[in-house]
Amino acid sequence: MEHKSVPNEESVKKSFMKSGLIDPRYYGIIVAVIVVIITLAILILYRRRQSAKRNVLIMGLCNSGKTLLFARLLLHQFRPTLTSIKENAEDCVFGNGVVKLVDIPGSERVRGKYFDLYKPLARAVIFVIDSSTILEEIRDIAELLFTILTDHTLASNQVKILIACNKQDEPNSKSANDVQVILEKELNLLKSTKGHQLDSISDSGSKQVPLCPADKDFEFSKSRFVVDFAESSLSEKSVEGHQEVEEWIESRVV
């Protein structure tokens, strides 16, 4: 929230005294009313700006299950999907609130364009991982997650992040705890190799912030973001495979 200067009571009083238009007996009441009105105006403006930030970005690599999760959250049923080449965006009701779910394409060729388009009004990011193939794709997964966790706009907006460990019904899938350990190790390696880019401009042109202090190992528990983990399984047989994600949106975002 931006800090606005509220008129000092003494300065307002002196202005009124100089004008000679107000009975001195009412100076205190008038000043109090003005201060209250200005304070309320600032609070209303702040709440409106916060409510405008209602995008929940669903991100991840191709075939991680992003679009399937988008469809499941929106329709509460299984829908076969194809690889997205453009964003899917729809308003969705969760509890007593409404958010705009935005499925960002996983293709490296186009995802930066849609990420930059929707992130200014983002309230949260759901990062979807195929937990059955994480070891094979760890480098690309960590690169994208690193981009998110060092994005200046997301950091300034105090965006909340959920890492959805998807495809838990697949053989050899990793649990949320295992995924966390794997990601922290890989992000620490990236921190060392990409350190020169932090606090500067990234290759995509987006301003970045440090992943964590240079002399510290990265841990999600000490991140500048609120980062949570959930497990999901979005196959046709798994009717409630998105429940943890839905509960997170209702508790953390709405």
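Figured I'd write up the structure that's included with this text.

About the cut-offs
- Counting of residues starts from 1 at the beginning of each chain's written sequence and follows it residue by residue.
- This being a predicted model, a pLDDT of at least 70 is required before a residue's local features are given, and a value of 80 or more before pairs of side-chain atoms are given or counted; all residues contribute to the totals for chains, interfaces and linings.
- Excluded from the side-chain calculation are hydrogens and water; included are all heavy atoms of the structure.
- Helix and strand assignments come from DSSP, with helices taken as H or I runs of at least 4 residues and strands as E runs of at least 2, each series counted from the N terminus.
- In a helix, the anticipated span is given by 1.5 Å times the number of residues less one.
- Note on bend: the value at a residue is the angle between axes fitted to the seven residues ending there and to the seven starting there.
- Each residue gets one of three labels from its accessible area relative to the maximum for its type: buried under 20%, exposed over 50%, partly exposed in between, using a 1.4 Å probe on protein chains only.
- Strands were regarded as paired on the criterion that DSSP finds at least two bridges between them.
- All axes here are fitted lines through C-alpha atoms, helices being fitted over the stretch that makes contact, and every angle between N-to-C directions spans 0 to 180 degrees.
- By definition in these notes, contact holds between two residues if any of their heavy atoms fall within 4.5 Å.
- Here, nonpolar core refers to any group of buried Ala, Val, Leu, Ile, Met, Phe, Trp, Tyr and Cys residues whose side-chain atoms link them within 4.5 Å.

1. Points about helix H5 (residues 134–149)
- The first and last C-alpha atoms of H5 sit only 18 Å apart over 16 residues, clearly below the 22 Å expected at 1.5 Å per residue.
- Largest kink in H5: about 40°, centred on aspartate 140.
- Regarding H5, the residues found buried are Ile134, Ile138, Ile141, Ala142, Leu144, Leu145, Phe146, Ile148 and Leu149.

2. Quick word on the sheet that holds strand S1 (residues 55–60)
- Spatially, S2-S3-S1-S4-S5-S6 is the arrangement adopted by the six strands of the open sheet, whose pairing is mixed. Edge positions in the sheet fall to strand S2 (88–94) and strand S6 (226–231), since each of these pairs with one other strand and no more. Going across the sheet, the axis of each strand differs from the next one's by a mean of 25°, ignoring polarity.
- Pairing between strand S4 (residues 122–130) and strand S5 (residues 160–166): seven bridges, direction parallel. Residue phenylalanine 127 lies in a different strand from S5, and its bridge partner there is isoleucine 163.
- Running at roughly 40° to S2, helix H3 (residues 66–75) makes contact with S1, S2, strand S3 (97–103) and S4 of the sheet.

3. Some remarks on the nonpolar core
- Leu149, Ile163 and Leu187 are the most contacted members of the largest nonpolar core, which totals 39 residues.
- For this core, the secondary structure elements donating two or more residues are S1, helix H4 (111–118), S4, H5, S5 and helix H7 (176–193).
- By residue number, the principal contributor to this core is H5, which donates nine residues.
- In this structure, Val99, Val128, Leu234 and Val253 belong to the second largest nonpolar core, which totals 21 residues.

4. Some points on H7
- Relative to the 26 Å expected for 18 residues at 1.5 Å per residue, H7 spans 26 Å between its end C-alpha atoms, a close match to the ideal helical length.
- Looking at the buried positions of H7, the neighbouring elements they touch are S4, H5, S5 and S6.

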